[in-house]
Amino acid sequence: MRNPSLRTPTLACVFLLALAEPAAAATVSGNATLTTDYLWRGTSQTQGDPAIQAGFKAAAGNGLYGSVWGSNVEFAPETHASSEFDFVVGWAGNLADDWALDLNLTHYRYPGTTADLNWSELNGTVTWKQNYWAQVGWSNDALATDRNGTYAQLGARVPLGEQWRLEGAVGHYWLDDAYGDSYAHAQLGAVWAFKAPFELRVTAHATDDSAKRLFPDLAGSRVEAALQASF
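Residues numbered from 1 in each chain as written. Predicted model: local features only at pLDDT ≥ 70, side-chain atom pairs only at ≥ 80, totals over all residues. Heavy atoms only, no water.

Q: Where do I start with the overall build of the protein chain in this structure?
A: If you tally the helices and strands in the protein chain, you get 3 helices and 14 strands. Looking at the 231 residues of the protein chain, the share that counts as buried comes to 40%. The contacts of the protein chain with a sequence gap of at least 6 include a subset with a gap of at least 24, amounting to 47%. (Helix = DSSP H or I, 4+ residues; strand = E, 2+ residues; numbered from the N terminus. Buried < 20%, exposed > 50% of the residue type's maximum accessible area, 1.4 Å probe, protein only. Contact = heavy atoms within 4.5 Å.)

Right under this line is the structure:
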């Protein structure tokens with residue numbers, strides 16, 4: 001039987017509590033993306049095929065927030081997985097003038113599948129000057145395996161004028177409990193904010209050989225191009 005400590009039957013209740021502050025109205029934002037490949041932690045979630053993605057976020061004045069994000073996916077045929085929805089509840093705010101913190105619980109859900117692919121993860125991200133970040137994620141049901149998994153990432157963005165910026169990150173996923181191995185990945189991309197609210201992003205991804213062994217045909221070197229609109 002799975003450990004239920006990170007399962008999320010109460011996500012809806014937590015989301016409502018996050019927006020219950022009467023002193024400040026919630027702000028709502030969203031985004032929509034068309035991408036040539038859905039890459040997550042260095043591996044393709046669509047077998048290298050394009051994806052359409054969209055998300056919405058509601059945040060209260062006290063820093064509590066809730067969001068939902070969705071994308072098409074393509075896993076092994078026997079799972080019948082065709083869509084993913086990420087439900088997030090958390091808190092984000094400033095720790096000091098240059099430092100910010102985001103703590104959240106993310107629930108990954110794959111409706112209509114024949115296997116139990118749903119799982120949840122605790123995440124924390126520290127950001128410095130809005131351009132440098134360190135992230136750690138942990139789950140006792142990593143990738144729906146009923147085993148522990150820890151993910152860490154370091155990233156940076158470098159503005160190049162008003163319309164251009166570079167973004168890069170390196171990450172490591174410890175999956176020894178689940179798969180007896182761990183892997184590393186890296187990505188480097190250029191973003192062109194050519195006309196608000198649209199951005200064009202081209203990102204090169206690479207993984208180590210461990211990722212290729214763990215996820216054949218989904219890891220390795222890939223280039224992703226995406227058009228995104230934020231509102």
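Once you've had a look at it, read on.
Q: Any chance you could explain the sheet that holds strand β7 (residues 99–109) here in plain terms?
A: Pairing is antiparallel in the closed barrel, where 12 strands are placed in the order β1-β4-β5-β6-β7-β8-β9-β10-β11-β12-β13-β14. Averaged over neighbouring strand pairs, the angle between their axes works out to 20° when direction is ignored. Alignment of strand β10 (residues 149–160) against strand β11 (residues 164–175), held across 11 bridges, turns out to be antiparallel. Note that in β11 the partner of Arg157 across the bridge is Glu167. (Pairing = 2+ DSSP bridges. Axes fitted to C-alpha atoms, helices over the stretch in contact; angles between N-to-C directions.)

Q: Teacher, can you tell me more about the nonpolar core here?
A: Taken as a class, soluble globular proteins show a tendency for nonpolar side chains to be buried jointly. Counting 20 residues, the largest nonpolar core has Tyr38, Trp40, Tyr110, Trp119, Tyr173, Leu175 and Tyr183 as the members making the most contacts within it. Excluding residues that lie within four positions of it along the chain, Tyr183 makes contacts with Arg41, Thr43, Gly171, His172, Tyr173, Leu175, Asp208, Ser210, Ala211, Leu214 and Phe215. (Core = buried A, V, L, I, M, F, W, Y, C linked by side-chain atoms within 4.5 Å.)

Q: What am I meant to see in the packing of aromatic side chains here?
A: Centre distance and the angle of the planes are the two values used to describe a pair of aromatic rings. All told, the structure shown has 16 aromatic pairs when counted by the stated rule. Aromatic rings pair up to connect Trp40, Tyr108, Trp119, Tyr151, Tyr173, Tyr179, Tyr183 and Phe215 into one cluster. In this structure, Arg41 packs its charged tip against the face of Tyr173, placed 5.0 Å from the ring centre. (Phe/Tyr/Trp six-rings, centres within 6.5 Å; stacked < 30°, edge-to-face > 60°. Lys NZ or Arg CZ within 6 Å of the ring centre and 35° of its normal.)

Q: Sorry, what's going on with the environment of Lys195 here?
A: Topologically, Lys195 is positioned in strand β12 (residues 181–195). Linking Lys195 and Ala229, residues 34 residues apart in sequence, is a C-alpha distance of 9.6 Å.

Q: Quick question: what am I supposed to make of the pattern of salt bridges here?
A: Charged atoms that come close allow side chains of opposite charge to pair. Scanning all chains against the criterion turns up 8 salt bridges. Between Arg201 and Glu224 there is a salt bridge, and its shortest N-O distance comes to 3.2 Å. A residue pair is termed long-range when its members are at least 10 positions apart, and Arg201 in strand β13 (residues 198–207) and Glu224 in strand β14 (residues 222–230) qualify at 23 residues. The class for Glu224 is buried, based on a relative accessible area of 7%. (Salt bridge = Lys/Arg side-chain N within 4 Å of Asp/Glu carboxyl O.)

Q: Help me understand the environment of Ala190, please; the structure alone is not making it clear to me.
A: With respect to the helices and strands, Ala190 occurs in strand β12. A C-alpha to C-alpha distance of 4.6 Å links Ala190 and Leu166, two positions 24 residues apart in sequence. In this structure, Ala190 is in contact with Arg165, Leu166, Leu200, Arg201 and Val202, ignoring residues within four places of it in sequence.

Q: Would you mind going over a nonpolar patch on the surface with me for this structure?
A: On the surface, a nonpolar cluster with roughly 970 Å² of combined accessible area is contributed by Leu34, Ile52, Val158, Leu160, Trp164, Leu166, Trp192, Phe194, Phe198, Leu200 and Leu227. Sorting the residues of the nonpolar patch by element identifies β10, β11, β12 and β13 as the ones contributing at least two each. In this fold, Leu34 is placed in strand β1 (residues 27–35). Using a relative accessible area of 49% as the deciding quantity, one classes Leu34 as partly exposed. (Patch = residues over 30% accessible without salt bridge, like charges linked within 9 Å, V, L, I, M, F, W, Y side chains within 5 Å. Areas by Shrake-Rupley, 256 points an atom, 1.4 Å probe, with all protein chains shown as cover.)

Q: Teacher, can you tell me more about the environment of Ser71 here?
A: Along the polypeptide, Ser71 turns up in strand β5 (residues 64–72). C-alpha separation for the pair Ser71 and Leu34, spaced 37 residues apart in sequence, amounts to 9.8 Å. Ser71 has contacts with Tyr38, Ala51, Ile52, Gln53, Ser82, Ser83 and Glu84, leaving out every residue within four places of it along the chain. Reaching out from Ser71, the side chain makes a polar contact with the side chain of Gln53 at a distance of 3.3 Å. (Polar contact = N/O pair within 3.5 Å; in protein donor to acceptor, adjacent residues only side chain to side chain.)

These results come straight from atomic positions and should not be treated as a statement about function.
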